[in-house]
Amino acid sequence: MDLNTYLKNLEILVNVDCGSNTPKGLQFVTNFFKNLYRDWIVEYHELNEKNPVLVIKNRDVDNFDFLFIGHNDTVFPEGTVAQRPFKIEGDIATGPGVYDMKSGLLSMYEVAKEFKDSSLNICIIINTDEEISSLISRELITEIGKKTKYALVFEPARKNGNMVSERKGLVKYEITFNGKAAHAGIAPQNGINAIVEASHWVLEISKLQNLELGNSINVGIINGGFGVNTVPDKAIIKFEGRSHDINHFENIEKTLNRLKENPYVEGINVEIKEIGYRPPLVLNPLSKELLDKFEIVKKQLKIDSNWEKTGGGSDANFLGILGVGVLDGVGPVGGNSHEASEYLVISSIEKRIEMVKEVLKMFL
């Protein structure tokens, strides 16, 4: 590979504002990769007005030996690039998305192009909504995942060089409570207090947290009411749950249904909306087979790297639940994703690309 070309392309990609809700920037970076893979079979999926998805194949087949996946979007708002554009100082590159995951996308391309004409059937997905739980692209990822044996997610490696073998799943809910407004002094008996009901739910939902088992609950947002002299007719809470155990999510759903069927405040109306979901990613037999091959190659290349279980989710979660052998974090090393201090270690780029290539050669 040509590292200078890689870094020039990285500068182009980083210096574009492309948060998940920035259509112009997302279109630019999507077109960039559409052009980069112009010698492949490229499908452009416009699933909504702002978050296009590319599905790229080395040949026209229905089943794939390997799926590579990465995302174009970042978490940063429009205007971030003007404040801190791409910069290189020594062995460190900085800029919005340089680590999570513009470098991973370019590494993915460097790996893929070597195996374009190989016996492996390869599919690549590049989406633009991963940072908002892949709400738009999830169905397409799942559809292709069902036709795939192994998958590699080119999210970045940890700052210590570790890759990811397992991730917690997560579920996010928005609960709306509709009550009835009334004067709190003159006729409180006529009101139906939405905040009281919401508060009851917060306490009941929070009982599902068990940190010893790795099951978390976080009610992060609560809104309601507009004055202490008025019984509040509306309240909204938003919360998430995370776990390696899918039973945690089933318990959350059962609890929500129980609370809805047995309201604390008489007359309340409750709307439950799931606003995000990723199933847990656990190490299945095919994942273990893939991991063992990485272990062999790491020793050959003298790469000091271990495997981590993490609380954060990625698109790998949608694949592992299908039985796909999937590993994550095979991109370059860096750190501080989602922060202004996000950075990429340039000297890790070529070594990590070589590692993945050597693993794929073991499947030829």
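This text goes with the structure placed above it.
For clarity, every value in this text was computed on a predicted model and none was experimentally measured.

As a further point, take the side chain of Asn284. Take Asn284: it is sitting in the loop between strand E14 (269–278) and helix H8 (285–301). Residue classification places Asn284 among the buried positions, given a relative accessible area of 13%. A polar contact of 3.1 Å, which involves the side chain of Asn284, links it to the backbone nitrogen of Leu286.

This part is about the pattern of salt bridges. In the structure shown here, the tally under the stated rule is 19 salt bridges. We note a salt bridge from Arg278 to Glu130, for which the minimum N-O separation is 3.4 Å. Placement of Arg278 in strand E14 and of Glu130 in the loop between strand E6 (122–127) and helix H5 (138–145) is noted, with a sequence separation of 148 residues between them. Each member of the pair Arg278 and Glu130 is classed as buried. In this structure, the salt-bridge partner of Lys238 is Glu174, at a minimum N-O distance of 3.4 Å. Here Lys238, found in strand E13 (residues 234–243), pairs with Glu174, found in strand E9 (residues 169–178); they are 64 residues apart in sequence, far enough to count as distant. Residue classification places Lys238 among the partly exposed residues on the basis of a relative accessible area of 31%. Each of Glu114, Lys357, Glu358 and Lys361 takes part in a single network of salt bridges with overlapping partners.

The subject of this paragraph is the sheet that holds strand E4 (residues 87–89). Spatially, the four strands line up as an open sheet ordered E4-E5-E18-E17, and their pairing is antiparallel. Two strands bound the open sheet, and with one partner strand each, they are E4 and strand E17 (334–335). Helix H4 (residues 98–114) contacts strand E5 (92–94), E17 and strand E18 (343–345) of the sheet and is inclined by roughly 45 degrees relative to E18.

Moving on: the packing of H8 against helix H10 (residues 349–361). Where H8 contacts H10, the axes come no closer than 9 Å and their chain directions differ by 130 degrees. Relative to H10, the element H8 lies oblique. Remark: the crossing between H8 and H10 carries right-handed chirality. Where H8 abuts H10, its residues Leu290, Lys293, Phe294, Val297, Lys298 and Leu301 lie against Lys351, Glu354, Met355, Val356, Glu358 and Val359. Taken together, the residues of the contact of H8 with H10 break down into seven nonpolar, no polar and five charged.

Further remarks concern the nonpolar core. Core analysis: the biggest nonpolar cluster contains 56 residues, and Phe33, Tyr37, Phe68, Ile124, Leu152 and Phe294 have the highest contact counts within it. It is H4 that provides the largest number of residues to this core, a total of nine residues. Excluding anything up to four places from it in sequence, Phe294 contacts Leu152, Met163, Trp307, Leu327, Val330, Met355, Val356 and Val359. In this structure, Trp201, Phe239, Ile252 and Tyr277 belong to the second largest nonpolar core, which totals 22 residues.

Criteria and cut-off values
Per chain, residue numbering runs from 1 following the sequence as it is written. With the structure being a predicted model, the display of local features is reserved for residues of pLDDT at least 70 and the display and counting of side-chain atom pairs for 80 or more, all residues being used for whole-chain, interface and lining totals. Processing note: side-chain calculations cover all non-hydrogen atoms of the structure and skip hydrogens and water entirely. Only DSSP runs of H or I with at least four residues qualify as helices, and only runs of E with at least two residues qualify as strands; both kinds are numbered from the N terminus onward. Working definition: with a 1.4 Å probe on protein chains only, accessible area under 20% of the residue-type maximum means buried, over 50% means exposed, and in between means partly exposed. Polar contacts, as counted here, are pairs of nitrogen or oxygen atoms within 3.5 Å of one another; within protein the pair requires one atom able to donate a hydrogen and one able to accept it, and residues that are adjacent in sequence qualify only if both atoms are side-chain atoms. Salt bridges are defined by distance alone: a side-chain nitrogen of Lys or Arg within 4 Å of a carboxyl oxygen of Asp or Glu. The rule for pairing is simple: two strands pair if DSSP sees at least two bridges between them. Should any heavy atoms of two residues lie within 4.5 Å, those residues are counted as being in contact. Axis geometry follows a simple rule: fit a line to the C-alpha atoms, using only the stretch in contact for helices, then measure angles between N-to-C directions, giving values from 0 to 180 degrees. Roughly parallel means an angle under 35 degrees; roughly antiparallel, over 145; roughly perpendicular, 65 to 115; everything else is oblique. Each helix crossing is assigned a hand: it is left-handed if the near helix lies turned anticlockwise from the far helix by less than a right angle, otherwise right-handed if that turn is clockwise. Note that Gly is not counted as nonpolar here; it falls among the polar residues with everything else outside the nonpolar set of Ala, Val, Leu, Ile, Met, Phe, Trp, Tyr, Cys and Pro and the charged set of Asp, Glu, Lys and Arg. Remark: nonpolar core denotes a set of buried residues (Ala, Val, Leu, Ile, Met, Phe, Trp, Tyr, Cys) joined through side-chain atoms within 4.5 Å.

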